[in-house]
Amino acid sequence: MNPKTDKVLIANRGEIAVRIMQACKDLGLSFVSVYTAEDKDSGHVTLARELGGEEAIYMIRSYNDAGDILSVADETMCTAVHPGYGFFSENFRFARRVTERDRPMTFIGPSWWVIRDLGDKINTKRLARKLDVPTIPGSDRAIYDELEAEEIASNLFEFQKEQGVRNPVVLVKASAGGGGMGIDEVYSIEEFRQVYRRIRNYSLRTFNDEGVLIEQRIFDFNHLEVQIVSERSGKKHVHFGTRNCSVQSPGRQKRIEVAPGFCPESIAYSFDAQKVLDDIVEHSLSMAREINYDNVGTWEWIVTPKGAPFLMEVNTRIQVENGVSAAISRIKGDPDVNLIKEQIRLALGDEMGYSQEDITFEGVGIEYRIIAEDTDDKFAPWAGKIENLHWDEHEWLKMHTHIPTDLPYQIPTEFDPNLALAIIWGKDLEESKKRGLEFIDEFVLEGKDRKEVSLKSNLKFLAKKSTNILEF
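Residues numbered from 1 in each chain as written. Predicted model: local features only at pLDDT ≥ 70, side-chain atom pairs only at ≥ 80, totals over all residues. Heavy atoms only, no water.

Peer 1: So, the packing of helix α1 (residues 14-27) against helix α2 (residues 43-52): which residues are in play, and what are the values?
Peer 2: Direction vectors running N to C along α1 and α2 enclose 15°, while the axes themselves pass 8 Å from each other. With respect to their mutual orientation, α1 and α2 come out roughly parallel. The two elements α1 and α2 meet at a crossing, and its hand is left-handed. When α1 is examined against α2, the residues Gly-14, Ala-17, Val-18, Met-21, Gln-22 and Lys-25 are found in contact with a partner set consisting of Gly-43, His-44, Leu-47, Ala-48 and Leu-51. Of the residues in the contact of α1 with α2, the class split is 6 nonpolar, 4 polar and 1 charged. (Axes fitted to C-alpha atoms, helices over the stretch in contact; angles between N-to-C directions. Helix = DSSP H or I, 4+ residues; strand = E, 2+ residues; numbered from the N terminus. Parallel < 35°, antiparallel > 145°, perpendicular 65-115°, else oblique. Left-handed = near helix turned anticlockwise from the far one by under 90°. Contact = heavy atoms within 4.5 Å. Nonpolar A, V, L, I, M, F, W, Y, C, P; charged D, E, K, R; others polar.)

In structure tokens:
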């Protein structure tokens, strides 16, 4: 990393754009931020002007317009592109384009071929199984033969019965599908063949590919993550602990994240929770080593009520919840850990400068995603104007938001109505939960829509779900 020559194009918006430009400032790096017409009143636009002047902020048509983004990068002579999360963050074609164009730049994330290989769920499953990493039981390739498919399904039903599952379920999925398309549940082997044929025919019509995947449907699981950080060389890897993100909306969108993933010192589990955490960390590191992972990434796991872990996928980007992992982490005793800063400087070629032995963990962190949504109406987004957003400062609290606190703010309907992230730290789970509820009670969030209906948020949902976090 060279602060004199490196310049970062921030290809994102909102809270993550704010955090990236703050990280750049701390590292002494110049940056350029982009925004669309809908985001003209966003706090990330205001902060970019404050930190970098008018030359640090450019309007574009869309955050999904690669040509627009790269044109700004060229005009401002940026040397690196930070995609944040969402948009282009896991698009290996965009990452390749950034690094292999006539004026190449650094993509702040893993190398494009790493994003490509781990973005393929079948390929990830094969890699995991090669290393004896447990994956969700089922096929690791597209199945085209009906008898083979039926045999896999039969074995999955038997496996679930052995696990004590009273009503086993098998998922039949179009291998070429995505976004929830071409998936059906099967509740007995007797009905499997009919469902298999239906999904196979659907897949052929829709994707011109008859391939089908067969997987076990797992219920009542906890969703855990392992935070990996790797040097650009792909040879040095460390972890920054685990997270539990089991509190989600009905659409499987995370709402509360807790680090570490389990607290066996505070909660009695029916399995060796510490061993599960140790195992998923080591499994994640083994895959990072095998594929020469070379930036930040998150290995996502599910853990059954009996303590059996299964790898779901790998997210090859910085995640929303990186801050809650940082909150409990110490590097050589220093509590000021910022994983976005680590991501940037490592992507720009800095050596890591520490080993796993230098990383320690202290306390419990809770991250609340504060969202304008109606939790009584299927978590429907709320659209309107925020008139008052305020919180009390505490030494155990970090807030991240792009919402102005001194002016009214109209929530753009073009994007998810994410308002803020609150990260709470406590010396143990009990203290963190107590402080989390104190924060929610103090937090002021007021506004109205065009019909003068008061703002709806998920604050009450967050408070209710705080009472039994990390429990099964």
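Peer 1: Can you explain the sheet that holds strand β22 (residues 418-426)? Please cite residues and give values.
Peer 2: The sheet built from 8 strands is open, its strands ordered β13-β12-β9-β10-β11-β16-β22-β20 with antiparallel pairing. Strands with a single pairing partner mark the edges of an open sheet, and in this sheet they are β13 (309-315) and β20 (397-401). For this sheet, the mean angle separating the axes of adjacent strands, direction not counted, is 25°. Two strands pair when backbone bridges link them, and strand β16 (residues 364-371) and β22 are joined in this way by 8 bridges, in the antiparallel orientation. Paired with Gly-365 across the two strands is Trp-425, which belongs to β22. (Pairing = 2+ DSSP bridges.)

Peer 1: Which residues make up the state of the cysteines, and what values do they have?
Peer 2: By the definition in use, this model includes 0 disulfides. Looking at Cys-24, it has no disulfide partner, and the nearest cysteine sulfur is the one in Cys-78, 9.5 Å off. Classification of Cys-24 by relative accessible area gives buried; the value is 0%. The exposure class of Cys-78 is buried, given its relative accessible area of 0%. (Disulfide = S-S within 2.5 Å. Buried < 20%, exposed > 50% of the residue type's maximum accessible area, 1.4 Å probe, protein only.)

Peer 1: Hey, could you go over the nonpolar core for me, with residue numbers and the actual values?
Peer 2: Counting residues in hydrophobic clusters, the biggest one holds 63 residues, and the most contacted among them are Leu-9, Phe-94, Val-229, Phe-240, Ile-344 and Tyr-354. In terms of residues, this core owes the most to one element, α1, which gives 8 residues. Apart from the residues lying within four places of it in its own chain, the contact partners of Phe-240 are Gln-227, Val-229, Ser-325, Ser-329, Ile-331, Val-337, Leu-339, Tyr-354, Ile-359 and Phe-361. Within the second largest apolar cluster, 62 residues are counted, among which are Tyr-269, Ala-273, Trp-391 and Leu-470. (Core = buried A, V, L, I, M, F, W, Y, C linked by side-chain atoms within 4.5 Å.)

Peer 1: Account for the pattern of salt bridges, naming residues and giving values.
Peer 2: Counted under the stated rule, the structure contains 38 salt bridges. One salt bridge connects Arg-101 with Asp-74, and the closest N-O pair in it is separated by 2.6 Å. Taken together, the positions of Arg-101 in the loop between α4 (92-100) and β5 (106-107) and Asp-74 in helix α3 (residues 66-75) put the pair 27 residues apart, joining distant regions of the chain. One salt bridge in this structure joins Lys-254 and Glu-321, with 3.0 Å as the shortest N-O distance. With a gap of 67 residues between them, Lys-254 in strand β11 (residues 254-259) and Glu-321 in the loop between β13 and α10 (322-328) connect regions that are remote in the sequence. Among the residues examined, Lys-254 registers a relative accessible area of 11% and is labelled buried. We classify Glu-321 as buried; its relative accessible area is 1%. Each of Glu-225, Arg-243, Lys-254, Glu-257, Glu-300, Glu-321 and Arg-369 takes part in a single network of salt bridges with overlapping partners. (Salt bridge = Lys/Arg side-chain N within 4 Å of Asp/Glu carboxyl O.)

Treat this as a map of the structure, not an account of what it does.
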